[in-house]
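So the chains spell out like this:
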Amino acid sequence: SQQGEEDPQALSIQEGENATMNCSYKTSINNLQWYRQNSGRGLVHLILIRSNEREKHSGRLRVTLDTSKKSSSLLITASRAADTASYFCATDGLTGTASKLTFGTGTRLQVTL
Amino acid sequence: GAGVSQSPRYKVAKRGQDVALRCDPISGHVSLFWYQQALGQGPEFLTYFQNEAQLDKSGLPSDRFFAERPEGSVSTLKIQRTQQEDSAVYLCASSPHSYEQYFGPGTRLTVT
C-alpha cells in the first residue's frame, strides 16, 4: 500500500517559476527521499533527508521535513522544461526491512516554455 | 559505468502464460529490490535480496510471484499463470548500502 499522498497530483508552471510539491506519510520514518521519474524511464534519486534533519539543499532543490506533521515538501527553484517529470517521495521505515522504500502517489510536474 | 539494466523492456503475455523478468544490478551492489508500479501510481515494494538471500518477500501479491538471485548478482522475477491485474511496470533497484537505491528502466508487462 502507498505510504501517503502527495499534493498537488498535477502541477503546471512556466519556465523560471518555482515549483512546490508536498508529501504526507503515515508511519515513523528513518529517512525520506525524493525521486524523479521521466516518462518511460526509471526513477532517479534526487535527495535524502534524515529524520533528525529539518531542511536540506541540493542545487536548485530544497527539501523540508516536519516529522511532527509527518510531512515533507520539495521546492524546485527556477524551473526548466527539463524538470518536467513525476516526482515521488519515499520513506524507509524503522522496522522490518529498514531500507525498503514506501512511495507516495506522486506529483506530475509540467514546465512549459 | 553501467547502471541497472532490465530485460525485456516490454512484454506482452496472454493470460495464463508464465513470464520471467530479468534484472542486472550495478556490479558490487549487495542489495536488490523489486517494485511493481501500476499506471498512475507510485512503485510498491515486492521483495528484497541481500546478496543471494531473499530477506523480505512480504510484498509479493500471491504465490504466483517468485523471485530469485542465486549467485548474488542477476535476479529474475517470475510470474506464473499471469492475470490481467499483473499488468504493470516492474522496477528493479540495487544499492551498495541501505538507503539510496539505483533504479533500472523497468519492464512494462501487459497481460491480454
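In this text, all values refer to a predicted model and were calculated from it rather than measured experimentally.

Peer 1: Got a sec to walk through the overall build of chain A? Specific residues and values, please.
Peer 2: On a plain count of helices and strands, chain A comes out with zero helices and 11 strands. Seen in sequence order, chain A has helices and strands lined up from the N terminus as β-β-β-β-β-β-β-β-β-β-β. In terms of its C-alpha atoms, chain A occupies a principal-axis envelope of roughly 45 × 30 × 20 Å. Looking at chain A as a whole, 45% of its 113 residues are labelled buried. The long-range share in chain A, meaning contacts at least 24 apart out of those at least 6 apart in sequence, stands at 55%. On chain A, roughly 5400 Å² of surface is accessible, and the fraction owed to carbon and sulfur atoms is 44%. Of the charged side chains in chain A, 13 are positive and 10 negative, and the gap between their average positions amounts to 5 Å.

Peer 1: Before we move on, could you go through the sheet that holds strand β1 (residues 5-7) of chain B and cite the residues and values that matter?
Peer 2: Residues and elements named next belong to chain B. Across the sheet, four strands lie side by side as β1-β3-β8-β7; this open sheet has antiparallel pairing. Every interior strand has two partners, whereas the edge strands, β1 and β7 (65-68), have only one. For this sheet the average axis-to-axis angle between neighbouring strands, irrespective of direction, equals 15°. Pairing geometry for strand β3 (residues 19-24) and strand β8 (residues 75-79), over five bridges, is antiparallel. Bridging across to β8, Val19 finds its partner in Ile79.

Peer 1: Can you tell me about the pairing of strand β3 (residues 19-24) of chain A, naming the residues and giving the values?
Peer 2: Residues and elements named next belong to chain A. Only one face of β3 is covered, namely the face carrying Ala19, Met21 and Cys23; the face carrying Thr20, Asn22 and Ser24 is uncovered. Judged from the two bridges that link them, strand β1 (residues 6-7) and β3 form a sheet pairing that is antiparallel. Paired with Glu6 across the bridge in β3 is Cys23. Pairing between β3 and strand β8 (residues 71-76): six bridges, direction antiparallel.

Rules of the game
- Counting of residues starts from 1 at the beginning of each chain's written sequence and follows it residue by residue.
- In the order they appear in the text, chains get letters beginning with A and ligands get numbers beginning with 1.
- At least 70 in pLDDT is required for a residue's local features to be given in this predicted model, at least 80 for side-chain atom pairs to be given and counted, and no such filter applies to totals for whole chains, interfaces and linings, which use all residues.
- Based on all heavy atoms of the structure, the side-chain values leave hydrogens and waters out of the count.
- For the purposes of this entry, the term helix denotes a DSSP run of H or I that reaches at least four residues, the term strand denotes a run of E that reaches at least two, and both are numbered from the N terminus.
- Burial classification: accessible surface area is computed with a 1.4 Å probe over protein chains only, and a residue below 20% of its type maximum counts as buried, one above 50% as exposed, and the rest as partly exposed.
- The criterion used for residue contact is that any of the two residues' heavy atoms lie within 4.5 Å.
- For accessible areas, the Shrake-Rupley method is used with a probe of radius 1.4 Å. Any residue's cover is judged against the shown protein chains and nothing else.
- Within this scheme the basic residues Lys and Arg register as positive and the acidic residues Asp and Glu register as negative, but His and the chain ends are omitted.
- In this description, the location of a charge corresponds to atom NZ of lysine, CZ of arginine, CG of aspartate or CD of glutamate.
- Strand pairing is assigned whenever DSSP detects at least two bridges linking the two strands.
- Lines are fitted to the C-alpha atoms to define the axes, a helix being fitted only along its stretch in contact, and any angle between axes, read from their N-to-C directions, falls within 0 to 180 degrees.

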